[in-house]
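# A closer look at the structure
Below are the chains, spelled out letter by letter.
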Amino acid sequence: MATVQLRRRPRASATSNATFGRSNVTPIQRLRADSGRLRVLVASESFLPQVNGVTNSVRRVLEHLAAQGHVAELVAPTGPETYAGFPVTIARGASLPFYRDFRIGLETRRRLRGVMLRFQPDVVHIASPATLGYQAARAARELGIPTVAIYQTDLVGFAERYGIAGGMAAMTALTRRIHLVVDRTLAPSTASLAQLEEMRLPGLARWPRGVDLEMFSPSFRDEALHRELAPDGQLLVGYVGRLAPEKELELLTHVDRLPGVRVVVVGGGPDEQRLRALLPDAAFLGVLHGDELGRAHATLDVFVHTGRHETYCQAAQEALASGVPVVAPRAGGPIDVVDDGSAGFLYRPGDGNELASYVRRLVEDDDLRARVSRAAARSVQGRSWDAVNERLLEHYRDVIGIRTAARRAG
């Protein structure tokens, strides 16, 4: 598989002349000198143009760091030259043979050390670590730089769903190797925390995901779009997310058979053609961003999610913010995200009949659907990205402080 060489993106700031050499100022000294201004190196397995939960979370973190006056740099297998005013360094990578649109990072630890020596971060933020994240964690450990890893992809569940021979054992071992060498692992849900605790991993804490309450709101419901998608007066039952086998989207066929319903699918991925064959009457809107995505969410009457391996399920949270009842599996992130029986319903994972029964209740009972819609919007108040990312900065400062205390004690 072809690789892309790690190349330095030009900086748009006064630090553009930084080199790969070691600075004479230690990260901790710089933190004290800047009175709390952090230098954060973010290493992410995924970034733009890939659209997924990892990319979206990294974008929000970088935007928050910029808004608060911190300094950051991103290392990822793909991306633009800059994001939020911060430079993006492209890592070597390769496409997965069974998912050509998705690249994984294959950068060496030596070259990542070079990036860290040049940038001199106070902390390394490792987003959804796998191959690139593992090397970044080891490089940071060798240099004595504190690390915070964000557990966001269930690699074990991914291997299970794709039926990779020996994959579950390999991904369990990889997950342990990664998270044993970082200072703190932040998981988005109680289910994810329990999974990591079963692996006997230390330094665990919960860090949920925020939601953009300006982009996702009941006020963006578009009745003209609703009439366009449901010309015969059907109710719209939709899924928003990546179209891939681990999402178990074949369960949507149970919903598609309900009378008075039209299924709407927003997203793209390797499973799209199979889904189009399974759901010939569904509306496929493709990948949407920004206002279009917010409008699509708010125009749904019911949101459904099908995959059982979600560490958080951000799309469900965005639906709730849009005032849309959510029906999702009673597994992983949705257990924390969806207030079962109030803002939506949770069904047995993989049970298409139970999924359809909850959707039917919401479709047939207008009063119930209206009550659940109001409860859905209320349930996410206080989950802004600003609040969530401020907690992330507290985790950064905690691990920096612990590492500083250990140095002094040593």
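Summarised in this report is the structure supplied together with it. Quick caveat, the model's predicted, so the values are computed rather than measured.

This part covers the packing of aromatic side chains. One pass over the structure, following the stated rule, counts 2 aromatic pairs. A ring pair is formed by Phe47 and Tyr83, whose centres lie 5.5 Å apart and whose planes are at 85°; its orientation type is edge-to-face. Within this pair, whereas Phe47 is found in the loop between strand E1 (39–44) and helix H2 (53–67), its partner Tyr83 is found in strand E3 (residues 82–83), the two being separated by 36 residues in sequence. For the pair formed by Phe47 and Tyr83, the shared burial category is buried. Taking 4.8 Å as the distance between ring centres and 5° as the angle between the ring planes, the aromatic pair formed by Phe345 and Tyr358 counts as stacked. Taken together, the residues Phe345 in strand E16 (residues 344–347) and Tyr358 in helix H14 (residues 352–364) connect sequence positions 13 residues apart.

This paragraph deals with the packing of helix H3 (residues 109–119) against helix H4 (residues 131–143). At their nearest, the axes of H3 and H4 sit 9 Å apart, and the two run at 55° to each other. In terms of orientation, H3 and H4 fall into the oblique class. The crossing of H3 and H4 is right-handed. From H3, Arg109, Leu112, Arg113, Met116 and Leu117 reach across to H4, where they touch Leu132, Gln135, Ala136, Arg138, Ala139, Ala140, Glu142 and Leu143. A per-class count over the contact of H3 with H4 returns 8 nonpolar, 1 polar and 4 charged.

Now for the sheet that holds E3. Pairing within the open sheet is mixed, and its 8 strands lie in the order E3-E4-E2-E1-E7-E8-E9-E10. Of all strands in the sheet, those bounded by a partner on one side alone are E3 and strand E10 (204–206). Across 5 bridges, the pairing between E1 and strand E7 (residues 123–127) is parallel. If you follow Ala43 over to E7, its bridge partner there is Ile126. The sheet strands contacting H3 are E1, strand E2 (71–76), strand E4 (86–90) and E7, and the helix crosses E2 at an angle near 170°. Sheet strands touched by helix H16 (residues 385–409): E1, E7, strand E8 (147–150), strand E9 (184–187) and E10. Its angle to E9, the strand with the most contacts, is close to 165°.

We now examine the pairing of strand E13 (residues 283–286). In the case of a regular strand, side chains alternate between the two sheet surfaces. The pairing of strand E12 (residues 261–266) with E13 spans 3 bridges and is parallel. By the bridge assignment, Val265 is partnered in E13 with Phe284. Chirality of the crossover, the property in question, places the unit of E12, helix H10 (residues 272–278) and E13 among those that are right-handed.

Read from one edge of the open sheet, 6 strands run E13-E12-E11-E14-E15-E16, paired in parallel fashion. If you trace the sheet from one side to the other, it starts and ends with E13 and E16, each paired once. Averaged over all adjacent pairs, the angle separating strand axes in this sheet is 20°, with direction ignored. Where strand E11 (residues 235–240) and E12 come together, 6 bridges link them in parallel fashion. What sits directly across from Val237, in E12, is Val263.

As a further point, take the pairing of E2. Counting buried positions over the 6 residues of E2 gives 6, a clear majority of the element. Along E2, one buried face is formed by Val71, Glu73 and Val75 and the opposite face, lined by Ala72, Leu74 and Ala76, is buried too. The β-α-β motif built from E1, the intervening H2 and the parallel element E2 has right-handed crossover chirality. Inspection of the sheet shows E2 paired to E4 by 3 bridges, in the parallel sense. If you follow Ala76 over to E4, its bridge partner there is Ile90.

The subject of this paragraph is helix H11 (residues 290–299). The complete set of buried residues in H11 reads Leu293, Gly294, Ala296, His297, Ala298 and Thr299. Where H11 is buried, its residues meet helix H8 (223–229), E11, E12, strand E14 (302–304) and helix H12 (314–321).

Quick look at the nonpolar core now. Val264, Val266, Phe303, Leu320 and Val326 are the most contacted members of the largest nonpolar core, which has 31 residues in total. When contributions to this core are tallied by element, the ones reaching two or more residues are H8, E11, E12, H11, H12 and strand E15 (326–329). No other element matches H12, which puts 5 residues into this core. Ignoring anything within four residues of it in the chain, the contact list for Val326 reads Phe303, Ala316, Ala319, Leu320, Val338, Ala343, Gly344 and Phe345. In this structure, Leu38, Val42, Val123 and Ile150 belong to the second largest nonpolar core, which totals 30 residues.

Attention now moves to the side chain of Thr185. Turning to its location among the elements, Thr185 is positioned in strand E9. On the accessibility criterion, Thr185 (1% relative accessible area) is buried. At 2.8 Å, the side chain of Thr185 and the side chain of His179 are in polar contact. When neighbours within four sequence positions are excluded, Thr185 is seen to be in contact with Ala149, Tyr151, His179, Leu196, Gly203, Leu204 and Ala205.

Our focus in this paragraph is the pattern of salt bridges. Two side chains bearing opposite charge may form a pair once their charged atoms approach each other closely. This structure, assessed with the given rule, holds 24 salt bridges. Residues joined in a network through salt bridges with shared partners are Arg59, Arg60, Glu63 and Asp212.

Inspection of the secondary structure assignment puts His125 in strand E7. Only 2.6 Å separates the side chain of His125 from the side chain of Tyr396, close enough to count as a polar contact. If we skip the residues at most four places from it in the chain, His125 touches Val40, Leu41, Val42, Ala43, Val61, Val148, Ile150, Leu392 and Tyr396.

Along the polypeptide, Val302 turns up in strand E14. Beyond its immediate stretch of four places on either side in the chain, Val302 contacts Leu236, Val237, Gly238, Val324, Pro325, Val327, Leu362 and Arg369.

Calculation rules
Residues numbered from 1 in each chain as written. Predicted model: local features only at pLDDT ≥ 70, side-chain atom pairs only at ≥ 80, totals over all residues. Heavy atoms only, no water. Phe/Tyr/Trp six-rings, centres within 6.5 Å; stacked < 30°, edge-to-face > 60°. Helix = DSSP H or I, 4+ residues; strand = E, 2+ residues; numbered from the N terminus. Buried < 20%, exposed > 50% of the residue type's maximum accessible area, 1.4 Å probe, protein only. Axes fitted to C-alpha atoms, helices over the stretch in contact; angles between N-to-C directions. Parallel < 35°, antiparallel > 145°, perpendicular 65-115°, else oblique. Left-handed = near helix turned anticlockwise from the far one by under 90°. Contact = heavy atoms within 4.5 Å. Nonpolar A, V, L, I, M, F, W, Y, C, P; charged D, E, K, R; others polar. Pairing = 2+ DSSP bridges. Right-handed = clockwise from strand over helix to strand, strands pointing away. Core = buried A, V, L, I, M, F, W, Y, C linked by side-chain atoms within 4.5 Å. Polar contact = N/O pair within 3.5 Å; in protein donor to acceptor, adjacent residues only side chain to side chain. Salt bridge = Lys/Arg side-chain N within 4 Å of Asp/Glu carboxyl O.

These figures come from the coordinates and say nothing about function on their own.
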